[in-house]
Structures are given as structure tokens and as C-alpha cells.
Amino acid sequence: MFDSRLNPKQHRTAVSELARQSFDVLVIGGGVTGVGAALDAASRGLRVALVESGDIASGTSSRSSKLIHGGLRYLEQYDFRLVREALQEREAMVTTLAPHLVKPVAFLFPLQDKVKDRTYVGAGLTLYDVLRGFQRTLPWHKHLSQKGVAEVAPSIRQDVVIGAVKYFDAQVDDARHTMMIARTALKYGAIIATGVKCETLIKDGSKVVGANVRDSESGNLIKVSAGVTVMCAGIWSDELHEQFGLTPGYEVRMSKGVHIVLPGSAIASEVGIVLKTPVSVLFVIPWDGKWILGTTDTEYTGDRARPLATREDVDYIIDQANRILAPEIRIEDVIGVYAGLRPLVSSKADTSTTKLSREHTVDRPMAGFVSVAGGKYTTYRIMAEDVIDVATQDLPIEVGKSITDKLPLVGAEGYNALLNQIPMISSDTGISEASLTHLLNRYGSLISEILTLIERDSSLGELLTEDLPYLKAEIFYAASHEGARCVEDVIARRTRISFESPDAGIGVADEIACIIAPVLGWSSRDRKRSVKAYEQYAERELASKQGVNS
Ligand SMILES: Cc1cc2nc3c(=O)[nH]c(=O)nc-3n(C[C@H](O)[C@H](O)[C@H](O)COP(=O)(O)OP(=O)(O)OC[C@H]3O[C@@H](n4cnc5c(N)ncnc54)[C@H](O)[C@@H]3O)c2cc1C
């Protein structure tokens, strides 16, 4: 019924609707939890608005390990409920909610001790597979001999590894997936406004009745009225509770996690690898012909908006990986680096961040105001459902149960049929099968919108750059349909060029600005300003790689 396009016209309408309408639910925060909450509430028939101070997924939700998983490490913490819940979510995403975006991925868990390791890891992975319940799209785990490991992953050192267990999890481009949830919420009528920051709450006696939000473009302060305000601000939760004068039932501590990106040639393996480290686990994750390695887990107290990796973080990841990899990874191999901050809910200030639970907490410190924090990317839908369940108690109307467990995201419907049609579409359009596969796994059945752009202007069918798979049409589409409003949005989140390219995309920033300028109505001055801002952002990220940050 509603259009799912995020673009300048939609943005203008959203900002004016914020002031005009009276909402049932106002969501603060456009990370995966916030957009999930907006979708949950909108699909229950509620009138919903969401404000995000930056871009969709510009916080933690673009900086994760990008795994949709039960979390093997939580088994060791006996957190079986969290594991089971997450595995059920994984199944739903891979099969129904987002099969175009969430893909199975195989991992090897290398063993170093014949009897002890194999028994312990084997038992853990049996439990992991059993906890899924009866819905089992992903294959059961399998034991491999040392010879079997050498065939699948020649880069694993035979002098330290005596075998492995192969098991399956799933992965996703987190920023893209979050944006697609936002588009789905839009499709079901939610108002989505990025670049709009919540500053204060509006209170009527002892009840919150909305919020004052500021549009960064115009500088205008807008009064939004809502039956209930739902905060999904992740690592910003403590700061906002204080700003809003609320006393919450929890606090959110930040734990920094760093990832490095390597070229495909750095590691010879057909599958991902999971390695136990002294404090946690290290993942070696296949990423579109490259590898993502991470992560670290250290307490953090710096700038929330721009966490940066240090040389120490990068060295730690390389050292851990080199315990089992040959040839060794060197700092010169690293293409990209990114850091993110985990929102860990705690009530005690002296707990180590590796021990804090990844489970989420819903809190209602005042009538008309509910918040949720903690959890994992994988369990976003459950967090969203739980917070909206509590929020609806503040509404004077009868509200039905959540239906998001059966609600496919935009692009999911028809995806499998389109996969089968790739050869036919390729011969009809002249676009290579490789490019069509790439497009289908990013847009699903919305691919038709990209193909229409190329049909109108064939130059948009060209690759943006020879060494990455993105077509120019995808850059245009990022601004015309996916809500990108500056060069950084395109390079860091609609595409992942910021960590996939050794120069963090600085070399293509100008061309990207030229492609999106007509959609955004930019003058040449606006264009230059956006490129300059991206260069400054990228230079700080590149400094992490070069070991300048300490
Ligand atoms: C290194 C790392 C690896 C991880 N790996 C995994 C993994 O593999 N699998 C997994 O399941 N989970 C993983 N996680 C956890 C997962 O990424 C997070 O739990 C999840 O992304 C948190 O989402 P969120 O929406 O709660 O927070 P965020 O994504 O941070 O969203 C909060 C949003 O609120 C906005 N905001 C703040 N203040 C305001 C305001 N005043 N007005 C409006 N908006 C505001 C921010 O701009 C931000 O976009 C990982 C986390 C990290 C850090």
C-alpha cells in the first residue's frame, strides 16, 4: 500500500509529518533494534514514526561481525535460552524473512588435542545443532580428519591442528539488512526520518507524551506527539537517559570490537574458521571474495560516534590468526579495518565485559516511555517484539500480537524464483550472470528497480570500479531508493567500499558524488563538501590500518 522508497522527497514528507501527525509510537534510533521496533509496531496497525540522528545503521548495526548465529561462546556460558532463541531467528531469516540477505556460511572449528578437543567441541556442536529444534535448513555439523582439513582449508597449519569440526551458521551485510527493515517499515506505513535527533522528552505530569526532535538539515526543532516513546539507542542509552532526566533500571557499558579485512588470496580456505582465543573466539569469515577477521573485546569509554581501532587491536587479531594459519598474515596484507561498540546491559559496574550477558532488557522508567538495550543483531526481531509488547500497554487501544515472525522483508518475495531465472534474465538484459547474482543477493526481487534504471541509462550498467562488484546503478539507487544522503552513506553503508577497498573508497568518492548529485539536488559546492567530509572520515579509518591510532 505504501511506497518503500527512502529518498529526498520521502525525507521532506517525513519531516513535515512529524509535526503534523499524532503518533501511537515514536521510536528513537535507527539501528537494527529501532527499525525492527518500527516495523513491529507498524505491522500491528499502529501509527509509527522513527527518528535517527544520523544515517540508518550508522551506529553499532553497521560494525558487527555480520553473523546471524546462536553464538557458540554463549554455550560455554550456559546461556542456552539465548542460543536457542537466536538459532530460531537464524532459521526464520534464512528461510522466510530475508533469504535474499541472510546466507548460510560454513565454519571449521580446528582441533588441537585429539581426545579432549574432539569430545568437548563435538559435544558443544551437537548441542548447538539440537537447540535449533525441528526446523533445520542448515546442515548438521561434521567431523573432519587432519587430511580432510588440508583439503578444505590448506592454510590451516598441519603442525598444530589435528582435525576439525565443520558446522554452519549464517551471515548478512548488517547495514544493508537494517536499511531493508527500515524500507519494510516504510512499506507498512511508518514515517522514517534520518538526520533527526531526539533532544528532549515532552512530559505531561508524570507521563511522557512525545519528544522534541531537531532536523539537522533545517535546524528546526519539531514537537512530536506520541502515545508512547520507545528508545532503541544502543550505546547512547545512558547518555539519553541522563539527558531526559530519567532513572533507568539498567546501564549500558560499551565493549569495543575490531575487525580487519584481508584479500581472498591471504587465506586458502573454502570455508570460514573459528578459533578459540584466551578471552573469546576469533572468526575468519568469508566476505565476497575477501576475509573479515575479528573480533576483540575491550572496555571502551571514548567517542561513541567514531570508535577507532588501534595498532594493538590489529596486531592482536593478526597474532591470534597466525596461531593456526600459514603462510602468516602480515600487517601489509590488511585492506580495511573497522571498529564497533557492543551495547552490554549491566546492573553491576564491576563485571568484565566478556562476561556480561548478551541478553536484552526492556525498561519502563516512566509512563509513556519504554526502552530496550543489549541483545544481539541476530535477536533484533525478538527485542523489537518485546519492547512493543510493553509499549502498547501505554496505549488506550487494543493492539494485536506481533506478526513479524512471518513478515518477509522487502525483496524477499520471489527471490528464489528469480535465482532460477538468472540465465534467462542475463540473456534478455546482457548483464552478466555474476552481476545478476550479486544484485539478487543485495536487492532480492527489488532487482527489477535496478534493472529499470539500467534500461533507462545504459551507462549505469557499468561497474563503478574494476576491482569491486558494484554497478553505477547501485550508487544511484542508494540515493533514489535507499535513503543515502551523502557520500559516506553510500561508501560506508549502502556499499561496503569503506573497508573493501585499500584506499577506503577515497578514489571513487568524487565519482559517487557525481552519480548521486542529481538525485539529491546538489550544487557542485554541495558535492565537494560531501566528498571532503568523506575523505576526513576515511583518513581516520585508514590511520587505524597504518597503526597511527594508539
Ligand atoms: C564488534 C561487534 C561485533 C558484533 N557481532 C555480532 C554478530 O556477529 N552477530 C550478532 O548477532 N550481533 C553482533 N554484535 C551485536 C550487534 O551488532 C548489536 O547488538 C546491534 O547492532 C545493536 O543494535 P541497536 O539498534 O541496539 O544499536 P545501534 O545500531 O547502535 O543503533 C542505535 C541508534 O540510535 C541512534 N541515536 C542515538 N542517539 C539518538 C538520538 N538522540 N536521536 C535519534 N537517534 C539517536 C544512533 O545514531 C544509532 O544509529 C556485534 C557488535 C559488535 C560491536
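Predicted model, so just to flag it, every value in this text is computed and none were measured. (Residues numbered from 1 in each chain as written. Predicted model: local features only at pLDDT ≥ 70, side-chain atom pairs only at ≥ 80, totals over all residues. Heavy atoms only, no water.)

Some thoughts on the domain arrangement of the protein chain
- Assigned domains of the protein chain: these are domain 1 (8-61 + 175-250 + 354-406), domain 2 (100-169 + 253-346) and domain 3 (415-545).
- Between the C-alpha centres of domain 1 and domain 2 the distance comes to 33 Å.
- Counting residues at the interface gives 16 residues for domain 1 and 15 residues for domain 2.
- The junction of domain 1 with domain 2 conceals about 1500 Å² of combined surface from both sides, 67% of it contributed by carbon and sulfur atoms.
- Counting every contact that joins domain 1 to domain 2 gives one salt bridge.
- We note a salt bridge from E239 to R304, for which the minimum N-O separation is 3.2 Å.
- Where domain 1 packs against domain 2, one counts three residue pairs in polar contact (both at pLDDT 80 or more).
- Going through the elements one at a time, α7 (174-187), α8 (237-244) and β18 (369-374) are the ones with two or more residues in the side of domain 1 that touches domain 2.
- With three residues, α7 is the single largest residue contributor to the side of domain 1 that touches domain 2.
- Classifying every residue of the side of domain 1 that touches domain 2 by side-chain character gives six nonpolar, six polar and four charged. (Domains from an automatic or database assignment. Contact = heavy atoms within 4.5 Å. Buried area = accessible area lost by both parts, 1.4 Å probe. Salt bridge = Lys/Arg side-chain N within 4 Å of Asp/Glu carboxyl O. Polar contact = N/O pair within 3.5 Å; in protein donor to acceptor, adjacent residues only side chain to side chain. Helix = DSSP H or I, 4+ residues; strand = E, 2+ residues; numbered from the N terminus. Nonpolar A, V, L, I, M, F, W, Y, C, P; charged D, E, K, R; others polar.)

Notes on the environment of P104
- Position of P104 relative to the elements: it lies in strand β4 (residues 103-111).
- On a C-alpha basis, the gap between P104 and E539 in space is 34 Å, while along the polypeptide they are 435 residues apart.
- Residues within four places of P104 in sequence aside, it is in contact with V94, L138, D169 and A170.

Notes on the side chain of H481
- Mapped onto the secondary structure, H481 falls in the loop between α15 (472-480) and α16 (487-494).
- Owing to a relative accessible area of 10%, H481 belongs among the buried residues under this scheme.
- At a separation of 2.7 Å, a polar atom in the side chain of H481 contacts the side chain of S480.
- With residues near it in sequence (within four places) discarded, H481 still touches S4, R5, L6, R183 and E449. (Buried < 20%, exposed > 50% of the residue type's maximum accessible area, 1.4 Å probe, protein only.)

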